[in-house]
Amino acid sequence: ASEKEYLGTVEAIQLNTDCVAVLSSGRISLDPLRDVTGAANGGGESRDLPEDKGQRDVTCLAVTSDFLVFGTKRGTVTYMYLPELAQVSEFRYDAPITAVFPNASGTRTVFIDATGAAHLLNPVDDSVLPIPQHPDGQLRPQGPLGPGRHVPVRRLRRRRRLLRLCVQAALG
């Protein structure tokens, strides 16, 4: 078994079959998972993100089988391709990002900004569609998701208000 200490508060943990991503004090620690023999699944070494050690503004993260997706106070949504540990996309928005919800393949991501507004991001061409909120507590996707399909929203409260989206079916 492997142990690691974090000097700050652990704010979020995400994992897939090969790695674990831990958000702590505005930075991400990306570590390979180890099997019972201690060998790293998929190889690889530990890595801290963002690359610039002075940046401590990561606010949220999510992991798919191939991508680490994270948002920042600067308003960026960044995609890291995990097999090569390479940044493949960085979308810039005009407000801080508070939550990211990629679909399983990472081809679309719903992100929530600091105002609570939800948006659908295509990281290939950086196109963004707003997802209007409805007073009945649901979001109505538009554009490629199809008109009239409702996605339930669950409100969570911790330090800040987060919207948790059940978007898997809509983003499929």
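Residues numbered from 1 in each chain as written. Predicted model: local features only at pLDDT ≥ 70, side-chain atom pairs only at ≥ 80, totals over all residues. Heavy atoms only, no water.

Digging into the nonpolar core
Next up, step 1: Counting 13 residues, the largest nonpolar core has A21, I28, L61, L68 and F70 as the members making the most contacts within it.
Next up, step 2: Dropping the residues within four chain positions of it, L61 is found in contact with A12, Q14, A21, L23, I28, L68, V69, F70 and V100. (Core = buried A, V, L, I, M, F, W, Y, C linked by side-chain atoms within 4.5 Å. Buried < 20%, exposed > 50% of the residue type's maximum accessible area, 1.4 Å probe, protein only. Contact = heavy atoms within 4.5 Å.)

As for the pattern of salt bridges
If the charged atoms of two oppositely charged side chains come close together, the side chains can form a pair.
Next up, step 1: Inspection of the entire model under this criterion finds 2 salt bridges.
Next up, step 2: Across the pair R74 and D57 runs a salt bridge whose closest N-O atoms are separated by 2.6 Å. Linking R74 in the loop between β6 (67–72) and β7 (76–81) with D57 in the loop between β4 (47–49) and β5 (58–63), this pair joins segments that are 17 residues apart in sequence.
Next up, step 3: When its relative accessible area of 38% is taken as the criterion, R74 is described as partly exposed.
Next up, step 4: On the basis of relative accessible area, D57 is assigned to the buried category, the value being 10%.
Next up, step 5: The partner of E90 in a salt bridge is R92, and the shortest N-O contact between them spans 2.9 Å. (Salt bridge = Lys/Arg side-chain N within 4 Å of Asp/Glu carboxyl O. Helix = DSSP H or I, 4+ residues; strand = E, 2+ residues; numbered from the N terminus.)

Quick look at the sheet that holds β6
Next up, step 1: Taken in spatial order, the 4 strands of this open sheet run β5-β6-β7-β8, and their pairing is antiparallel. The sheet terminates laterally at β5 and β8 (86–92), the two strands that pair on one side only. Between one strand axis and the next, the sheet turns through 20° on average, direction left out of account.
Next up, step 2: Summarising the sheet, β5 and β6 pair through 5 bridges and their orientation is antiparallel. (Pairing = 2+ DSSP bridges. Axes fitted to C-alpha atoms, helices over the stretch in contact; angles between N-to-C directions.)

A word on a nonpolar patch on the surface
Next up, step 1: Residues V10, I13 and L15 make up a contiguous nonpolar surface patch of roughly 270 Å² in combined accessible area.
Next up, step 2: Turning to its location among the elements, I13 is positioned in strand β1 (residues 10–15).
Next up, step 3: Overall, the relative accessible area of 51% leaves I13 in the exposed class. (Patch = residues over 30% accessible without salt bridge, like charges linked within 9 Å, V, L, I, M, F, W, Y side chains within 5 Å. Areas by Shrake-Rupley, 256 points an atom, 1.4 Å probe, with all protein chains shown as cover.)

Overview of the side chain of T64
Next up, step 1: Tracing the sequence through the fold places T64 in the loop between β5 and β6.
Next up, step 2: Dropping the residues within four chain positions of it, T64 is found in contact with N16, L82, P102, N103, A104 and G106.

Considerations on the sheet that holds β1
Within a beta sheet, neighbouring strands are joined by backbone hydrogen bonds and run either parallel or antiparallel to one another.
Next up, step 1: Read from one edge of the open sheet, 4 strands run β1-β2-β3-β4, paired in antiparallel fashion. Each of the sheet's edge strands pairs with one partner strand only, and the pair in question is β1 and β4. Across the sheet, the mean angle from the axis of one strand to that of its neighbour is 20°, orientation sign disregarded.
Next up, step 2: For β1 and strand β2 (residues 19–24), the ladder comprises 5 bridges, and the chain directions are antiparallel. In the sheet register, I13 faces β2, and the bridge partner there is V22.

A word on the environment of D48
Next up, step 1: Considering the arrangement of structural elements, one finds D48 in strand β4.
Next up, step 2: Here the alpha-carbon distance between D48 and S29, two residues 19 residues apart in the chain, equals 4.6 Å.

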